[in-house]
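If you want the building blocks of each chain, they are given just below.
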Amino acid sequence: MLYAVLIPLLIACFIPYLSKFKDKIHTGIFVLFVPLSIFIYFLQFIDTNFVPVAQGYSWIPSLNISLDFYLDGLSLLFVLLISGIGTLVTLYSIFYLHKSERLGHFYVYLLMFMTAMLGVVLSDNVFVLYTFWELTSISSFLLIGYWHYRERSRYGALKSMLITVFGGLSMLGGFILLTIITGSTSIQEMISQTDVILNSPYLPLVMTFIFLGAFTKSAQFPFHIWLPDAMEAPTPVSAYLHSATMVKAGIYLIARFSPVFSAYEWFFIIVSGIGIITLCWGSYMAVRQTDLKGILAFSTISQLGMIMTMLGFGTKAAAFAAVFHILNHATFKGSLFMVAGIIDHETGSRDIRKLGGLMTLMPISATLALFGTFSMAGVPLPFLNGFYSKEMFFDVSLDLSSTSLFIAEIMKTSIPYLAVLGSIFTFVYSMYLFFGTFTGEKHLDELPSKPHEAPIGMLISPALLIVGVIIIGLIPNLVNEPLLAHAAKAISGEEVHKHIAFWHGFEAPLYMSLIVVIFGSILYIFRKKWTDIYLLIPGTLSLNKVYDRILDGSEKYSRKITNSYMDGSLRKYIALIMIATVLVTFTTMLTTDGFTIKTDDLAKVTVSEILIASVMVAAALGTIFARNNVAAILILGVVGFGLSVLFVLYRAPDLALTQLVVETITVALFLLCFYHLPNLRPRTESFKTKSVNAIIAISFGALMTMVAISAHSSKWFGAISEYFIENSYELGGGANMVNVILVDFRGIDTLFEIVVLGIAAFGIYAMIKLRSDKGVE
Amino acid sequence: MSNLAVLPIVIPLISGILLALLHKKIQLVRVLAQLFTGINLVVAIYIMYVVQKNGSIILESGGWDAPYSIVLVADLLSILLVVTTNIVALACVFYAPKSLSKQQEEFYFYTFFFMLISGVSGAFLTGDLFNLFVFFEVLLMASYALIVLGGGKVQLRESIKYVLINLFSSMLFVTTIAFLYSVVGTVNMAQIAQRVQEVDQKGILTTIAILLFFVFGTKAALFPLYYWLPKPYIVPNPVISALFGALLTKVGIYAILRVFTLIFVHDTDFTHNFFIWIAGFTLIFGAIGALSTNNIKLVISYNIIPAVGFMIMGIGLYNEAALSGTIYYLVHDMIIKAALFLLVGSVAYLAGTSDLRKIKGLIHHYPLLGWLFFLSAFVLAGIPPFSGFIGKLLLLQGGLQNDEVVIVIIALLSSLLILLSMIRIFVRGFWGEKDESIRVDKKAARAFTMPIVFLLFFSVLLGVGAELFYPMIENIAAYLLNPELYIESVLKE
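Starting from 1, residues in each chain are numbered consecutively following that chain's sequence as written. To read the labels, note that chains go from A and ligands from 1, taken in the order they are written. Side-chain atom pairs in this predicted model are given and counted only at pLDDT of 80 or more, local residue features only at pLDDT of at least 70, and totals for whole chains, interfaces and linings cover all residues. Only hydrogens and water are set aside when side-chain values are computed; all heavy atoms of the structure are taken into account.

**So, the interface of chain B and chain A**
It is common to report an interface's size as the accessible area lost on association of the parts.
Here is step 1 of the chain: Listed as interface residues are 119 residues of chain B and, on the opposing side, 103 residues of chain A.
Here is step 2 of the chain: Accessible area, probed at 1.4 Å, shrinks when two parts are joined; the buried area is that loss added up over both. Here chain B packs against chain A, burying approximately 9,900 Å² in sum over the two surfaces, 78% of which is carbon and sulfur.
Here is step 3 of the chain: The salt bridge definition used is simple: a Lys or Arg side-chain nitrogen within 4 Å of an Asp or Glu carboxyl oxygen. Applying the counting rule to chain B against chain A returns three salt bridges.
Here is step 4 of the chain: Distance and chemistry together define a polar contact, namely a pair of N or O atoms within 3.5 Å, with one atom able to donate a hydrogen and the other to accept it when in protein, and with adjacent residues in sequence counting only for side-chain atoms on both sides. On inspection of chain B and its partner chain A, the count reaches 18 residue pairs in polar contact (both at pLDDT 80 or more).
Here is step 5 of the chain: Here the residues of the side of chain B that touches chain A are counted per class, giving 77 nonpolar, 27 polar and 15 charged. In what follows, a contact means two residues having at least one pair of non-hydrogen atoms within 4.5 Å. The residue classification treats Ala, Val, Leu, Ile, Met, Phe, Trp, Tyr, Cys and Pro as nonpolar and Asp, Glu, Lys and Arg as charged. All others, Gly included, are polar.

Here it is, written out as structure tokens:
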């Protein structure tokens, strides 16, 4: 299985080379064999007695990240969809994309996506699943942005990436929590520890995290807004990623974890609640669209909502209905997208208002669309697979187990009504899609190119899918036991057997279907009369505006926030740093009882010391108030000289001398420099600013003083200087201890301090000599 | 005892001096600089091999016993960071001739470069708090010289802020060392750790610890101390920005990591919880900063801040997973930040501007550069299977193990913002219509990409081949959680 997952990626490495021959051989022809062989490989697993297969490969064992693949009914269904639709889409793309396009890029992205998507549905290790999950987002980003010279493509690509990566990150959080709760990174192991997870206090958080991942990926309300904009991608991509496979990754995730969560009562409320809202909203919005792909995008949203709703029910029958519809939706929606692509390709327009009457010009496409749309609408005819799953949906919506939660009870009663409501709109847009395009008046003069039937190659793929629609419709039990039953079992955790039949007798689901058809027809015929209601509710635009506002706001407000404090004022920066230091350090001192003061080991303070100290304090203060450079420097010098006098008093003549020399040189240097600098400007800040600065300075000084006093009063250990005093003469061979320390005990310090001076010298030399405005002097 | 531990400090020191003497013979200097950096990398890798086999290498300088001498401690953490430093250095030294003007090269770029490497390696290797201060001075002085090299007006304006704030924090550093010395009577880190443990970090010690945190936090550019970082980092030549962005803040993080896993670990409820708060704010404000600008260099510069936020988060969480995450992230970030600064430097050079609003469709001219940028955006945002993911995964695991849900959510959200800040550059600058007006210089682009590919190779390797590195990093984390090991290895008791 590892090879099956990685082969597309490996082949992708050769595509840039192969695409050099694209003038002779369309690159897609090389690619076609990849999904086809994967499809054929996995076909062998379809069997009534199928048992799940697990295969493991080591990757990062010490982090419990390993390439463990697990193929059960659910994965098998998805793998077949990915490779099967993948084959058809590749075939279709050979005729859809002209050789002058950047085919190499297209197929690299497409193959990357195949690997990613296969990885998502086959990985048993949550972190590997997450890796592939993000890879699907990335490849989807690249495919949506394929025609990146278009503004809308760039917008759509970024939008889809941000929303799905947001979900992915959230899902990662959920996965990490699950690994911590269960101590395992394997999904199957987690399922076996369902009790542990259900009793964990983190359960609500885990569910929120994981559901966010699923809902964003599967375009559930209110995260669905990225999908319509993703329609900027080339149509084969829309058919493949944004209808048949990638958007179902969220469905897959919920289905995969449904054995774990479905026992929790909020599972139904959230999953079915969001699902049914998405179903209704998507189908309601689809009617409003004028772009063929726009209608299909909202239709996909709505259908995904329907599958999600069924998964939320948590019953065996619902699980079966869900997997059945996953398969059916892929067939009819895939073909419809391809037909939409054909119309776009042949007429140059996807605007349904400009289309019409194409039946006679494109009879084959029209026939395909007829089956596709009627199947989608759930018209009760025995050769349309969409009808079966739609009716199953009605059936399971009437058969929900009772719960104790009030909100769940309300939902239980309302869901069948909402299901019918959503389906009525589904019926309306399906009819609109077909009749609006293929019947009615022709507007040939408004179309960019003269429409004619598509080349046969383009029709093969949608035709094969429609054959699928019809076969499943005629012999629904063909795929039942060997495939669907296993998939449903993986979701519900129990054996699921169901016989699919066209005729159930006069029961509720049938009446519901009839209501849909009757009301749907009425609404479709009189649609001109009621479509004004779309003007009342601003519709999807408002949600898109929320996204735009967040995105623009993220720039605008981050600029505002950042510029509010990063204004380039050094004084402000230092003030902020000092405030933070003072506040935190004072708090620390208070809470840890840090301040101590001991006076017993202090020597007597003499008059001369007081005198010198006061002169130093006065001089330090004086520097602040000095209005003249030279004066400020001279006054500052007083502080330094005061210090050397103190050294003299404390009998450290060497230090005193050093200090004197340093002080003299710096004062002299300052004076030399300041001669060339402009004079100090008088301070113009307000009194308020000055006082705030004064408070900051004083409190910082107070802080340092208090820490110094405490540090002095906490001499709990003998200092290592005792060792130096004892040994500097005998072992170090020097009578001056300071010198021995400098050149021997701590020679490295001295060496590198010299280095520092050296660098400074070179640095200053380079700074003076090399100037960008003057060049080298 | 082995002298090996001093080599990563001394080799660049001598190289720097030698190249200062030869500075006019620019061809020779280039070759020698590349050669010496290569040798230094090989030596560092060899030392890492020895340390991994035989345990930490302790060098008591001058032959005096610890704690009276300055000790150099090459344990796995130090030497791993030294190796990473030299990988970054190697990429930069090959990038430099293409990026710098000949005059900048002649005016001792390579000397300052080697001094910077020497200082950074010294800071990683020293086992003495005062000596750490000295190495900080070495690397800062080298950085002062580098930041003004070339002497542009903007450079001088921004560098004065950089210099003054760093000077302030250095003053605070040396003062704090004095306070600490007064209490524990030593500057040897192992002995400080031992003595702080003896008195259970009572009294003024936690306050001193917090002061030290502020010192290192200023170097590391944590909230609310990072104001000096973003703009000064983008004014010098890209290769200098890359060195700064990759190495300087990381030295600060390393110092916090060392001091708060070795010495001040007896009041973690207070200190380390405080770090988690700091991490949260650093992540948020850093990511916001990265979104606030259209200057592509500044975007990268701001992105340093959330990265250190991730690292301090791991130190604050203080469990094995989180500390492994911090170390992994440290190594990852050194490499990717260097790569990114070189990348945007190349982009700005080739596009003739660093204003994103004036750049479009670059991918038509420079496809390889575009895809490298695309890749590095995902590396930076921590998307698997690249290096950023492993570190982030460990940090998030560590966070959730400690029930710190809020910081985990902040970390996840800031990852999204980081990705947005990067992908925005890709979508607007690389995608779009072909810009016919720019002068295409394929030769320069090719020369620029080699060092970037070299760095990104490690980013991918650290992710895909995590199994090669993670066990070692896990060992380091376990070792850090048991400070006795360090103390015993230095003081030999």
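Don't stop here, the text continues.
**Observations concerning the pattern of salt bridges**
Here is step 1 of the chain: In the structure shown here, the tally under the stated rule is 24 salt bridges over all chains.
Here is step 2 of the chain: With a closest N to O distance of 2.9 Å, Arg746 of chain A and Asp749 of chain A form a salt bridge. Across the pair, Asp749 of chain A and Arg746 of chain A agree in class, each one buried.
Here is step 3 of the chain: A salt bridge links Glu106 of chain B to Lys24 of chain B; the shortest N-O distance between them is 3.9 Å. Type-normalised accessible area, obtained with a 1.4 Å probe on protein chains alone, sets the label of each residue: buried when under 20%, exposed when over 50%, and partly exposed for intermediate values.

**Regarding the domain arrangement of chain A**
Here is step 1 of the chain: Annotation comment: domain bounds sourced from an automatic or database domain assignment. Looking at chain A, the domain boundaries give domain 1 (262-535), domain 2 (537-566) and domain 3 (717-777).
Here is step 2 of the chain: In this structure, domain 1 of chain A and domain 2 of chain A have C-alpha centres spaced 35 Å apart.

**Considerations on the UniProt feature "domain: MrpA C-terminal/MbhE" (unreviewed entry) in chain A**
Here is step 1 of the chain: The feature "domain: MrpA C-terminal/MbhE" (unreviewed entry), as annotated in UniProt, sits at residues 693-769 of chain A in this numbering.
Here is step 2 of the chain: The numbering of helices and of strands both runs from the N terminus, where a helix is a DSSP run of H or I of at least 4 residues and a strand a run of E of at least 2. Span residues 693-769 of chain A is 77% helix and 0% strand, its end C-alpha atoms 38 Å apart. UniProt positions are given in the numbering used here, feature names are shortened, and annotations may be inferred rather than shown by experiment.

**As for the UniProt feature "domain: NADH:quinone oxidoreductase/Mrp antiporter transmembrane" (unreviewed entry) in chain B**
Here is step 1 of the chain: If you check UniProt for "domain: NADH:quinone oxidoreductase/Mrp antiporter transmembrane" (unreviewed entry), the listed places come out as residues 127-417 of chain B in our numbering.
Here is step 2 of the chain: The span residues 127-417 of chain B is 80% helix and 0% strand, and its two end C-alpha atoms sit 38 Å from each other.

**Regarding the packing of aromatic side chains**
Here is step 1 of the chain: Stacked, tilted and edge-to-face are the three classes applied to pairs of Phe, Tyr and Trp rings, where Trp contributes its six-membered ring and a pair requires centres within 6.5 Å; stacked means planes under 30 degrees apart, edge-to-face means over 60, and tilted covers the rest. Enumeration according to the criterion identifies 93 aromatic pairs over all chains in this entry.
Here is step 2 of the chain: Look at Tyr41 of chain A and Phe42 of chain A: their rings are 4.9 Å apart centre to centre, the planes differ by 80 degrees, and that puts the pair in the edge-to-face class.
Here is step 3 of the chain: Assessed through its relative accessible area of 33%, Tyr41 of chain A is described here as partly exposed.
Here is step 4 of the chain: Accessibility expressed as a relative area gives 0% for Phe42 of chain A, which makes it buried.
Here is step 5 of the chain: Measuring from ring centre to ring centre gives 6.3 Å for Phe107 of chain B and Tyr108 of chain B, while their planes differ by 85 degrees; the resulting arrangement is edge-to-face.
Here is step 6 of the chain: Overall, the relative accessible area of 6% leaves Phe107 of chain B in the buried class.

**Observations regarding the nonpolar core**
Side chains of a nonpolar character, in soluble globular proteins, are inclined to be buried together.
Here is step 1 of the chain: Among buried residues, the Ala, Val, Leu, Ile, Met, Phe, Trp, Tyr and Cys ones that are joined through side-chain atoms within 4.5 Å form a nonpolar core. Counting 475 residues, the largest nonpolar core has Phe42, Phe175 and Phe261 of chain A as the members making the most contacts within it.
Here is step 2 of the chain: For this core, the element with the most residues is helix H13 (residues 320-351) of chain B, which contributes 20 residues.
Here is step 3 of the chain: When sequence neighbours within four positions are dropped, the list of residues in contact with Phe261 of chain A reads Ile197, Leu203, Val206, Met207, Ile210, Phe211 and Phe267 of chain A.
Here is step 4 of the chain: The next biggest cluster of nonpolar side chains, apart from the first, holds seven residues, and it includes Tyr723, Val740, Ile741 and Phe745 of chain A.

**Details of a positive patch on the surface**
Here is step 1 of the chain: Patch membership needs two things, relative accessible area over 30% and no salt bridge, and members are linked within 9 Å if like-charged or within 5 Å if nonpolar (Val, Leu, Ile, Met, Phe, Trp, Tyr). Per-residue and other accessible areas were derived by the Shrake-Rupley procedure at a 1.4 Å probe size, with only the shown protein chains allowed to occlude residues. We count Lys and Arg on the positive side and Asp and Glu on the negative side, and we leave His and both chain ends out. Charged side chains are reduced to one point each, which is NZ for Lys, CZ for Arg, CG for Asp and CD for Glu. Together, Lys434, Lys442, Lys443 and Arg446 of chain B give the surface a local cluster of positive charge.
Here is step 2 of the chain: Among the residues examined, Arg446 of chain B registers a relative accessible area of 56% and is labelled exposed.

**Thoughts on the UniProt feature "domain: NADH-Ubiquinone oxidoreductase (complex I) chain 5 N-terminal" (unreviewed entry) in chain A**
Here is step 1 of the chain: As recorded in UniProt, the feature "domain: NADH-Ubiquinone oxidoreductase (complex I) chain 5 N-terminal" (unreviewed entry) lies at residues 60-107 of chain A.
Here is step 2 of the chain: Overall, residues 60-107 of chain A shows 60% helix and 17% strand. The separation of its end C-alpha atoms is 30 Å.

**With respect to the pairing of strand E1 (residues 57-60) of chain B**
Residues and elements named next belong to chain B.
Here is step 1 of the chain: Of the two faces of E1, the one carrying Ile57 and Leu59 and the one carrying Ile58 and Glu60 are both buried.
Here is step 2 of the chain: The rule for pairing is simple: two strands pair if DSSP sees at least two bridges between them. Sheet analysis places E1 next to strand E2 (residues 71-74), joined by four bridges and oriented antiparallel. Across the sheet, Ile57 pairs through a bridge with Ala74, a residue of E2.

**Topic: helix H13 (residues 265-288) of chain A**
Here is step 1 of the chain: An expected span of 1.5 Å times one less than the residue number is assigned to each helix. Spanning 24 residues, H13 of chain A covers 35 Å between terminal C-alpha atoms, matching the ideal 34 Å at 1.5 Å per step.
Here is step 2 of the chain: Here H13 of chain A lies mainly inside the structure; 17 of its 24 residues are buried.

**Overview of unusual backbone geometry**
Here is step 1 of the chain: The amide bond that connects Ala66 of chain B to the next residue, Pro67 of chain B, takes the cis arrangement and shows omega of 5 degrees.
Here is step 2 of the chain: Mapped onto the elements, Pro67 of chain B comes out in the loop between E1 and E2.
Here is step 3 of the chain: Pro385 of chain B follows Pro384 of chain B through a cis peptide bond whose omega is 5 degrees.
Here is step 4 of the chain: Position of Pro385 of chain B among the secondary structure elements: in the loop between helix H15 (367-381) and helix H16 (387-401).
Here is step 5 of the chain: With a phi angle near 60 degrees, Arg651 of chain A is a residue other than glycine that sits in the positive phi range.
Here is step 6 of the chain: Positive phi, normally seen in glycine, also occurs at Gln201 of chain B, with a value near 50 degrees.

**Describing the packing of helix H12 (residues 296-317) of chain B against H16 of chain B**
Residues and elements named next belong to chain B.
Here is step 1 of the chain: Where helices are involved, their axes are fitted lines through C-alpha atoms of the stretch in contact, as for all axes, and angles between N-to-C directions lie from 0 to 180°. Between H12 and H16, the shortest axis-to-axis distance is 10 Å and the interhelical angle comes to 35 degrees. Remark: the crossing between H12 and H16 carries left-handed chirality. Listed contacts from H16 to Phe310, Met313, Gly314 and Leu317 of H12 are Lys392, Leu395, Leu396, Gly398 and Gly399.
Here is step 2 of the chain: Residue composition of the contact of H12 with H16, by class: five nonpolar, three polar and one charged. Crossings are sorted by hand: turned counterclockwise from the far helix by less than a right angle, the near helix makes the crossing left-handed, and turned clockwise it makes it right-handed.

**A closer look at the environment of Ser644 of chain A**
Residues and elements named next belong to chain A.
Here is step 1 of the chain: Tracing the sequence through the fold places Ser644 in helix H27 (residues 629-649).
Here is step 2 of the chain: Residue Ser644 is classed as buried on the basis of its relative accessible area of 3%.
Here is step 3 of the chain: When the C-alpha positions of Ser644 and Gln659 are compared, they lie 5.7 Å apart, and in sequence the two are 15 residues distant.
Here is step 4 of the chain: Excluding residues that lie within four positions of it along the chain, Ser644 makes contacts with Ala656, Gln659 and Leu660.

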